[in-house]
Amino acid sequence: MALTKQKKVDIVEQTARLLDESKMTVVARYQGTSVQSLQTLRRQAKEDQTTVRVIKNRLVKRALQDTKHLKGVDTAVLNGQLIYAFNSVDEVAPAQAIARFARGEPQLEFVAGFSAEGTVLPAEDVRALADLPTKEQRRGQLVGLFASPLTGLATVLNGNARGLLTVLGARENQLSN
């Protein structure tokens, strides 16, 4: 079914808004992936506040021209059957969502990424982003880093108190005999 001119204008505006708000936009080739699988990807990505869309490349190219920071980017990589993952909260979430899903759908492959600064990232860099820890994992590591010395101090203080109680208990036994 062909899209009407108004529908195309709406899609370009919506895509330009997503590109403008997104900290990272990841582009992946999905040829050979079923519609049902793509719907599963959309649901899973939504949990990370990532929006996944299948958009005609020609309309994405128009939307890129309407976005101030992406106006002059190279669009040569935008060919074939592509999906676009947008996230306005976390830079690595779109890459991680697609990489996590690609474990079960190996035909899904990264093509490129667009950063909020207007940089085009090659597929290798997007793959490297996907291997980084998630925002929650980074927070957990940071909390662990701060909690580690406190845990050590508590263990030492607890050990000293326990040692003192052991000595006092032994002395009590010695005096009672």
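Here, every reference points to the structure presented above.
Residues numbered from 1 in each chain as written. Predicted model: local features only at pLDDT ≥ 70, side-chain atom pairs only at ≥ 80, totals over all residues. Heavy atoms only, no water.

### Here we look at a nonpolar patch on the surface
What counts is decided by this rule: Exposure above 30% relative accessible area and the lack of any salt bridge qualify a residue for a patch; like charges then connect within 9 Å, and the nonpolar side chains Val, Leu, Ile, Met, Phe, Trp and Tyr within 5 Å. Each accessible area is a Shrake-Rupley result for a 1.4 Å probe, and residues are judged covered by the shown protein chains and nothing else. Salt-bridge detection follows one rule: a side-chain nitrogen of Lys or Arg within 4 Å of a carboxyl oxygen of Asp or Glu. Labels follow the DSSP assignment, with helices taken as runs of H or I lasting at least four residues and strands as runs of E lasting at least two, numbered in each case from the N terminus. Relative accessibility decides the category of a residue: with a 1.4 Å probe and only protein chains considered, values under 20% of the type maximum give buried, values over 50% give exposed, and everything between is partly exposed.
Residues Leu142, Leu145 and Phe146 make up a contiguous nonpolar surface patch of roughly 350 Å² in combined accessible area. With respect to the secondary-structure elements, Phe146 resides in helix H6 (residues 135-176). Taking the relative accessible area as the measure of exposure, Phe146 reaches 58% and is therefore exposed.

### Notes on the environment of Arg58
Residue position: Arg58 is located in helix H3 (residues 57-66). Here Arg58 falls in the partly exposed class, since its relative accessible area comes to 41%. Considered as a pair, Arg58 and Gln174 are 116 residues apart in the sequence and their alpha carbons are 90 Å apart.

### Considerations on the environment of Ala99
Put simply, the rule reads: Here, two residues are considered to be in contact whenever any of their heavy atoms come within 4.5 Å of each other.
As for its position among the elements, Ala99 is in helix H4 (residues 93-102). With 10 residues separating them along the chain, Ala99 and Glu109 place their C-alpha atoms 8.4 Å apart. For Ala99, the contacting residues outside a window of four places in its chain are Phe110 and Ala130.

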